Structure formats: structure tokens, C-alpha cells
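# Overview (structure and organization)
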Amino acid sequence: MVWLVGATIRAFVVGAVLLAGATLLTGPGAPLGARDTVVTAAAALAVAYGLARVTHAWLRYGVWRFRVREDALYIERGVFTRIKTVAPYVRVQHVDSRRGPIERAVGLATVVVYTAGSRSADVAIPGLTPERAEELREELRRLAIESEGDDAV
């Protein structure tokens, strides 16, 4: 739900920019037929972009999984390219929970796990209830503390 709302808002903003640009591009001196054509094309492009964003958000939701195991946090995600991430607890630096305005409105939260090294050194687990997010944050924090003496490799 959060991803769909976010995609809709982004699509609306991009559509408004496209329509405003088309309107400004074909100012008052432009022939009437040209102005209608450009604005109609911009509106069609905005609708197509919006449908693509919402479809992508819907597909993205269907391919998002995580699993907490004894040694690491496993995450699988991706619509076109499947990404499997393994975050060993020994690499975890800290764990946060966050709730943006849309998440608060629908009663959800995200847990963010910050890891040492490598690119994209943070992993987010969205779509949790606030209670589940706090439980998961504490569980991951505990597992990271317990694994401090282990080797990450």
C-alpha cells in the first residue's frame, strides 16, 4: 500500500511537471492545433508513466521477502533483476526503525539495518507493523551483539 501511494504521488508530480512544461512550451503565440497536440501528448505520457510506476510498485511488493536466521539476515527482492542480500550479523553496525508520513497514515514501519563496508551498506525491511518493527529491531540488535566475536568471512 505504501509503495502504491508513493508511486502514485511521484507519478502525479511528474505528470504535473510534464503538463506544465507542455503548456509553457506552447505559449500563447503557438498555433492552436500544435498546442492541443503537445498538451495531449504530454498528458498521454503522464498517464503512461503513472501506470508504469503503479505496476512496478505492485510487482515489487509481490517479490519482497526476508528471513532472520542464526548467522545472518537474508533478503530477496527485485522485479526485473532479483537481488539476494545476505547481511551477516557481525557486519551490523546499528539498527533503526522509521515511519514516514505515508507509513504512519497506514500504520506501518520500516526497519533499517546499517552494515559495515561494501556498497549499499544499509538494508531496509518495509511494511511492518510498528510493534513487529520494534521486535525485529531488538532481535537484530541482540543477534549483532551476540556475534561480535565472530569473523564476518
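Structure: above.
Below is a short write-up of the structure.

The rules behind each value
Residues numbered from 1 in each chain as written. Predicted model: local features only at pLDDT ≥ 70, side-chain atom pairs only at ≥ 80, totals over all residues. Heavy atoms only, no water. Helix = DSSP H or I, 4+ residues; strand = E, 2+ residues; numbered from the N terminus. Expected span 1.5 Å × (residues − 1). Buried < 20%, exposed > 50% of the residue type's maximum accessible area, 1.4 Å probe, protein only. Arc of directions from axis to C-beta. Contact = heavy atoms within 4.5 Å. Pairing = 2+ DSSP bridges. Axes fitted to C-alpha atoms, helices over the stretch in contact; angles between N-to-C directions. Patch = residues over 30% accessible without salt bridge, like charges linked within 9 Å, V, L, I, M, F, W, Y side chains within 5 Å. Areas by Shrake-Rupley, 256 points an atom, 1.4 Å probe, with all protein chains shown as cover. Salt bridge = Lys/Arg side-chain N within 4 Å of Asp/Glu carboxyl O.

Now for helix α4 (residues 130-146). An α-helical turn contains 3.6 residues, so any two residues separated by three or four positions project in the same direction. The end-to-end C-alpha separation of α4 is 24 Å, in line with the 24 Å expected for 17 residues at 1.5 Å each. Taken residue by residue, α4 has Ala 133, Leu 136, Leu 140, Leu 143 and Ala 144 as its buried positions. In a view along the axis of α4, the buried residues occupy a sector of 100°, so they form one face of it. The exposed set on the far side of α4, more than 90 degrees from its buried face, consists of Glu 131, Glu 135 and Glu 146. Of the surrounding secondary structure, the elements contacted by the buried residues of α4 are β1 (64-68), β2 (72-77), β4 (92-98), β5 (109-115) and β6 (122-128).

Another point: the sheet that holds β2. With antiparallel pairing, three strands are arranged side by side in an open sheet as β1-β2-β3. Across the chains shown, the open sheet's two edge strands, defined by having one partner strand only, are β1 and β3 (83-88). Direction aside, the axes of adjacent strands within the sheet are offset by 10° on average. Relative to β3, β2 runs antiparallel, the two being bridged by six bridges. Residue pairing across strands places Ala 72 opposite Pro 88, the latter belonging to β3. Seen against the sheet, α4 touches β1 and β2 and runs at an angle of roughly 50° to β1.

Among the surface-exposed residues, Ile 9, Phe 12, Val 13 and Val 17 lie close enough to one another that they form a single nonpolar patch of about 420 Å² accessible area. The topology assignment puts Val 13 in helix α1 (residues 2-25). On the basis of relative accessibility, which here comes to 46%, the residue Val 13 falls in the partly exposed class.

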